[in-house]
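Coordinate inspection notes
Letter by letter, the chains look like this.
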Amino acid sequence: MDLLDFARGPAINVAMVVLVFGTLWRLLAILFLGKPADRTVPRLGMPGPVGAALREIFRRMVPHPTFAFAERFSFFNGWVFHIGLAIVVFGFRPHVLFIKNLTGLSWPTLPSGVVYVVGAITLVSLVAALVRRLTNPVQRFISGVGDYFAWFVTVFPVITGLVAVGHVGARYETLLAIHILSVALLFVWLPFGKLFHAFLVFVSRGTTGAFLARRGV
Amino acid sequence: MADQKTLGERLAEHGVSRRAFVKYASWLGSLMALPPATSRAMAAELAKAKRQSVIWLSFQECTGCTESITRSKGPTLEDLIFDFISLDYHHTLQAASGEAIEAARHAAMAENKGKYVVVVDGSVPMKDGGIYSTTAGHSNYDTLMETVKDAFAVISVGTCACYGGIPKANPNPTGAVSIGDLVKDKPVINIPGCPPIPEAMTGTVAYILSFGKVPELDHLGRPKAFFGENIHDRCYRRPFYERGQFAHAFDDQGARDGWCLYELGCKGPVTYNACATMKWNGGVSFPIQSGHGCLGCSEPDFWDKGGFYVPLSGSIGPTAKLVGGAALAGAVAGVAAAAVARHRKSSLNKG
Amino acid sequence: MNADCGHPAPATSLADAVFAELAHALVRLAETGEETVVDLRSLPFGPSDLEALSEKLGTGEVTSTLEVAGRSEVRETGWAGIWWVRHFGDGDEIAAEEVHVTRIPEILVSHPDDVAFAARRMADAVVTTGPQEPTAADEEDMSRG
């Protein structure tokens, strides 16, 4: 068994098991937790819980006007790499084929050349995010090991993917194997670190929105 | 049997001038991407060379490799190799049989001690004392070790000889191993493929004949001149890959329009061979041109790499079943964790 | 470019680059006698590039066909000292295609060893048969010719 066989076989299989098990475990544990009975009377004139949840989800997609200028970099850069990652993951044919091979689901994808460019932009954006985290005193103060590790497991597949398609430094099968292993690392870490926001971001914002609306905020 | 005449003299006796060597070297030099000066030297050296004694051993194989090397339509350029070598032993091509041919093998070995080349196609069974393949009452292992003892070099022809090939495929019932696993004290050159491209076989022999040395090999023992680049990088369908145009089925419009076969399991990106440039049958076509993805036949264990029709980016093994099990276990664990937390909270409230 | 509208294929910069390289090589041949061979198959040439280069090089006075392990063609181009050599293999497929910058391509010249061998055979022919009485074998040869 060579490195590529290991990556495509045991490594990615174990990573998928950890990803799916960990995600469902954490997600269901939170969703079924229930909330304490709220005996207060909801404020009048506020939207119901669903409307409030949706309002909060969309409202948080742009910064509050007060901080719009100060947060302009985080806002813009954050959108760039999130959309970039989505395009690379769901718009590149070989990635979709991984999903199709597993589930049978498939959808139209982008020309590979477009994805390469988006991947490069995403990489630059992720590096910029790290620079910002290191140079901004406040961000630096509130950042822990988990933040930096989350950044690393995100950027590593982007780098290895670009290196693989660019055929840089080693034979393609080796580069492809390293790319798949880097994705395996991401999968294994995703349910347990801050990257779990991929699943929780709208849950937490919606919950907050519904809670605050009841209080009239 | 090898004699003392040079190849130039031999061909001259058959009314062929030394121009044949110039032409042969031009052709081979172009195939192997040798510098033109080296090609010229090759022509001169070939004319001066003695006929190379070759002993061809066939073990666990299908004779497809021999078929490949002998597939030529007329007495042309590609056939000159048969004037350059003296094929002193070959199960399929030899006229003699029985004791006589075994005696011929021993005679060739004695006469060309240290100079003959052993070509092997097929893998060697090692399980149960190697009884699964024998010739003249000897196991393949014994025949191989006896024959390579005084050889100059060994050329493994075909994926079976190079890496074990199909006999070695899971579960490898005969305990098949490659020639390189057994021969450690001689240069072993691997010309893999199922079968190999004939020019890769003849070119390597001609190179040894001209320069008296083994050509530059890659980490899997393959001549870089023929196995230096992967199929994908030289594939004429590569632009479709870059444009994201893939055939989704063997009979869809994309397949008819000649789009990239990556999605149908093509192993071109991880397969190193000259099919895309040299092609087959004198440059007529190669598998991808005929509409089927590359199987990766020149790579070790190509038979056991998770399926010919699984795309390269797809996982191999029972991933779907594992994920299903993980989903179930994860759901149970999540609901259980929530239940435990609720129970604790309510008991706290009571207490 | 549409192939069937009658326009010649566009000369890419690749054909121009090879042409320029050959011009330099020809200067070297003229000044120092240094010969050059360009293997056209090693270049990423398309059919239109080959056509473009062939057109730029033109045709000279000499065209020869060889029958040696299959067919070969040697053609002088419009520039003295630049020769276009094509070797054919099995099934008349082009096995090698080169441009030689030389006074005469090596494959046209009789090799000294061949000359020596022929000289011995010819001397034998003079001694054994003589001019007057042709043998049966020679007659057979003549009837074939």
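Heads up: the structure comes first, above all this text.
Just so we're clear, the structure is a prediction, and the values are computed from it rather than from any experiment. Here the residue numbers are simple positions, counted from 1 along each chain's written sequence. Here every chain gets a letter starting at A, and every ligand a number starting at 1, in the order they are written. Given that the model is predicted, a residue must reach a pLDDT of at least 70 before its local features are reported, and side-chain atom pairs must reach 80 or more before they are shown or counted; all residues, however, enter totals for whole chains, interfaces and linings. Excluded from the side-chain calculation are hydrogens and water; included are all heavy atoms of the structure.

Further remarks concern the overall build of chain A. Helix and strand counts for chain A stand at 9 helices and 0 strands. Projecting the C-alpha coordinates of chain A onto the three principal axes gives extents of approximately 65 × 40 × 35 Å. In chain A, which comprises 217 residues, the proportion classed as buried is 35%. Taking the intrachain contacts of chain A between residues at least 6 apart in sequence as the baseline, contacts between residues at least 24 apart amount to 70%. When charges are counted, Lys and Arg are positive and Asp and Glu negative, with His and the chain ends excluded. For the purpose of locating charges, the reference atoms are NZ of Lys, CZ of Arg, CG of Asp and CD of Glu. The averaged location of the 7 negative side-chain charges in chain A is 12 Å from the averaged location of its 19 positive side-chain charges. Here a strand is any run of E in DSSP of at least two residues, a helix any run of H or I of at least four, and the numbering for each starts at the N terminus. Burial classes: relative accessible area under 20% of the type maximum marks a residue as buried, over 50% as exposed, and values in between as partly exposed (1.4 Å probe, protein chains only). When checking whether two residues touch, look at their non-hydrogen atoms; a contact exists if any pair is within 4.5 Å.

Our focus in this paragraph is the interface of chain B and chain C. Listed by partner, the interface residues are 21 residues for chain B and 28 residues for chain C. Across the chain B to chain C interface the summed buried area is about 2,200 Å²; carbon plus sulfur atoms make up 54%. Two parts placed together each lose some accessible area under a 1.4 Å probe, and adding up what both lose gives the buried area. Summed over the three residues of chain B that lose the most area to chain C, namely B:R18, B:R19 and B:K23, the buried surface amounts to 31% of that side. Here, a salt bridge means any Lys or Arg side-chain nitrogen found within 4 Å of an Asp or Glu carboxyl oxygen. Joining chain B to chain C, the criterion identifies 4 salt bridges. B:R40 is paired through a salt bridge with C:E106; the nearest N and O atoms lie 3.4 Å apart. Whenever two N or O atoms come within 3.5 Å, that pair is a polar contact, provided that in protein one can donate a hydrogen and the other can accept it, and provided that, for residues adjacent in sequence, both atoms are side-chain atoms. Where chain B touches chain C, the interface holds 12 residue pairs in polar contact (both at pLDDT 80 or more). Elements supplying a minimum of two residues to the side of chain B that touches chain C: α1 (7-13), α2 (19-31) and α3 (36-48) of chain B.

We now examine the interface of chain A and chain B. In many reports, interface size means the accessible area that the parts give up when they come together. Facing the 36 residues of chain A at the interface are 43 residues of chain B. Of all residues in chain A, A:R8, A:N13 and A:R171 give up the largest surface area on contact with chain B, accounting jointly for 19% of the area buried on that side. The tally of links between chain A and chain B comes to 5 salt bridges. In this structure, the salt-bridge partner of B:K305 is A:D2, at a minimum N-O distance of 3.0 Å. Taken together, the links from chain A to chain B amount to 21 residue pairs in polar contact (both at pLDDT 80 or more). Elements represented by at least two residues in the side of chain A that touches chain B include exactly α1 (3-31), α4 (93-103), α5 (112-135) and α8 (172-189) of chain A. No other element matches the 14 residues that α1(A) contributes to the side of chain A that touches chain B. Note that Gly is not counted as nonpolar here; it falls among the polar residues with everything else outside the nonpolar set of Ala, Val, Leu, Ile, Met, Phe, Trp, Tyr, Cys and Pro and the charged set of Asp, Glu, Lys and Arg. Its residues placed into classes, the side of chain A that touches chain B shows 22 nonpolar, 7 polar and 7 charged.

A separate point is the sheet that holds strand β7 (residues 153-157) of chain B. All names here are of chain B. Pairing between two strands requires that DSSP report at least two bridges joining them. Strands sit in the order β2-β1-β3-β7-β9 across an open sheet of 5 strands; the sheet is parallel. Since the sheet does not close on itself, it has two edges, and those belong to β2 (85-89) and β9 (188-191), each with one partner. Pairwise comparison of adjacent strand axes, ignoring direction, gives a mean angle of 25° for this sheet. Two strands pair when backbone bridges link them, and strand β3 (residues 117-121) and β7 are joined in this way by 5 bridges, in the parallel orientation. Within β7, the residue paired with V119 across the bridge is I155. Note on method: axes are straight lines fitted to C-alpha atoms, helices fitted across the in-contact stretch only, with angles between N-to-C directions ranging 0 to 180 degrees.

Where 2 pairs of chains are in contact, the pair with the most contacts is made of chains A and B. The two units chain A and chain C never meet; even their closest C-alpha atoms stay 20 Å apart.

On to helix α10 (residues 198-211) of chain B. Residue and element names in this part refer to chain B. Compared with the 20 Å implied by 1.5 Å per residue over 14 residues, the 20 Å span of α10 between its first and last C-alpha is a close match. Counting buried residues in α10 gives 13 out of 14 residues, a clear majority hidden from the surface. Looking at the residues trailing α10, positive phi occurs at G212, about 65°. In a helix, the anticipated span is given by 1.5 Å times the number of residues less one.

Attention shifts here to the nonpolar core. We define a nonpolar core as any set of buried Ala, Val, Leu, Ile, Met, Phe, Trp, Tyr and Cys residues linked to one another through side-chain atoms lying within 4.5 Å. Within the largest apolar cluster, 65 residues are counted, with the highest numbers of intra-cluster contacts made by B:F21, B:Y24, B:L28, B:L80, B:F84, B:I155 and B:I288. Among the elements that make up this core, the one with the highest residue count is α2(B) (8 residues). In this structure, B:I288 is in contact with B:I231, B:C235, B:Y236, B:R237, B:L261, B:C266, B:G293 and B:C294, ignoring residues within four places of it in sequence. Membership of the second largest hydrophobic core comes to 41 residues, among which are A:L4, A:V115, A:L186 and B:A326.

On to the environment of B:S210. Residues and elements named next belong to chain B. When you line up the elements, S210 lands in helix α10. A relative accessible area of 5% means that S210 is categorised as buried. In this structure the C-alpha to C-alpha distance between S210 and A329, which are 119 residues apart in sequence, comes to 66 Å. Filtering out sequence-adjacent residues up to four positions away, S210 remains in contact with M42, E45 and L46. Looking at S210, its side chain comes within polar contact range of the main-chain oxygen of A206, at 2.7 Å.

On to the sheet that holds strand β4 (residues 82-88) of chain C, then. All names here are of chain C. Taken together, 5 strands build an open sheet; the order of strands is β1-β5-β4-β3-β2 and the sheet is antiparallel. The open sheet has two free edges, formed respectively by β1 (36-39) and β2 (63-67), since each of these has just one partner strand. Strand-to-strand twist of the sheet, defined as the mean angle between neighbouring strand axes without regard to direction, takes the value 20°. Of the pairings in the sheet, the one linking β4 to strand β5 (residues 94-101) comprises 7 bridges and is antiparallel in character. Bridge pairing in β5 links V85 to E98.

Let's shift gears to the pattern of salt bridges. Oppositely charged side chains may form a pair once their charged atoms are brought near each other. Residue and element names in this part refer to chain B. One pass over the structure, following the stated rule, counts 31 salt bridges over all chains. Note that K149 and D150 form a salt bridge whose closest N and O atoms lie 4.0 Å from each other. The exposure class of K149 is exposed, given its relative accessible area of 53%.

Residue and element names in this part refer to chain B. Disulfides are defined as pairs of cysteine sulfur atoms found within 2.5 Å of each other. This structure, assessed with the given rule, holds 0 disulfides over all chains. No disulfide involves C294; its nearest neighbouring cysteine sulfur is the one of C266, lying 5.3 Å away. For the unlinked cysteine C297, the closest cysteine sulfur is that of C194, found at 5.7 Å. Accessibility expressed as a relative area gives 19% for C297, which makes it buried.

A few words now on a nonpolar patch on the surface. Patch building starts from residues that exceed 30% relative accessible area and form no salt bridge, then joins like charges within 9 Å and nonpolar side chains (Val, Leu, Ile, Met, Phe, Trp, Tyr) within 5 Å. Surface accessibility follows the Shrake-Rupley procedure with a 1.4 Å probe radius. Residue values consider only the protein chains on display as shielding. A contiguous nonpolar surface patch, about 480 Å² in accessible area, is contributed by A:V62, A:F75, A:F76, A:W79 and A:I83. By the secondary structure assignment, A:V62 is in the loop between α2 (49-59) and α3 (72-91).

This part is about the packing of helix α1 (residues 13-32) of chain C against helix α2 (residues 47-57) of chain C. Residues and elements named next belong to chain C. Closest axis-to-axis distance for the α1/α2 pair is 9 Å, and the angle between their directions is 40°. With respect to α2, the axis of α1 lies oblique. With respect to the hand of their crossing, α1 and α2 are arranged in right-handed fashion. Note on element contacts: α2 touches α1 through D49, A52, L53, K56 and L57, opposite L14, A15, D16, V18, F19 and L22. When the residues that make up the contact of α1 with α2 are grouped by side-chain class, the tally is 8 nonpolar, no polar and 3 charged. An angle below 35 degrees is read as roughly parallel, one above 145 as roughly antiparallel, one from 65 to 115 as roughly perpendicular, and any other as oblique. Each crossing gets its hand from how the near helix is turned against the far one by less than a right angle, where anticlockwise is left-handed and clockwise is right-handed.

Here the focus is the pairing of β5(C). Residue and element names in this part refer to chain C. In terms of residue burial, β5 counts as a mostly covered element, since 7 of its 8 residues are buried. Both β1 and β5 contribute to a ladder of 4 bridges, which runs antiparallel. Its bridge partner lying in β5, V37 is registered against H100. Here β4 folds back onto β5 in antiparallel fashion, the turn holding 5 residues, of which G91 has a positive phi close to 70°.

All names here are of chain A. Between its first and last C-alpha, α1 extends 39 Å over 29 residues, near the 42 Å set by a 1.5 Å rise per residue. Bend is the name given here to the angle between axes fitted to two runs of seven residues, the run ending at a residue and the run starting at it. Bending of α1 peaks at approximately 35° at the position of I12. In this structure D2 caps α1, since a side-chain oxygen of it lies 3.2 Å from the backbone nitrogen of L4.

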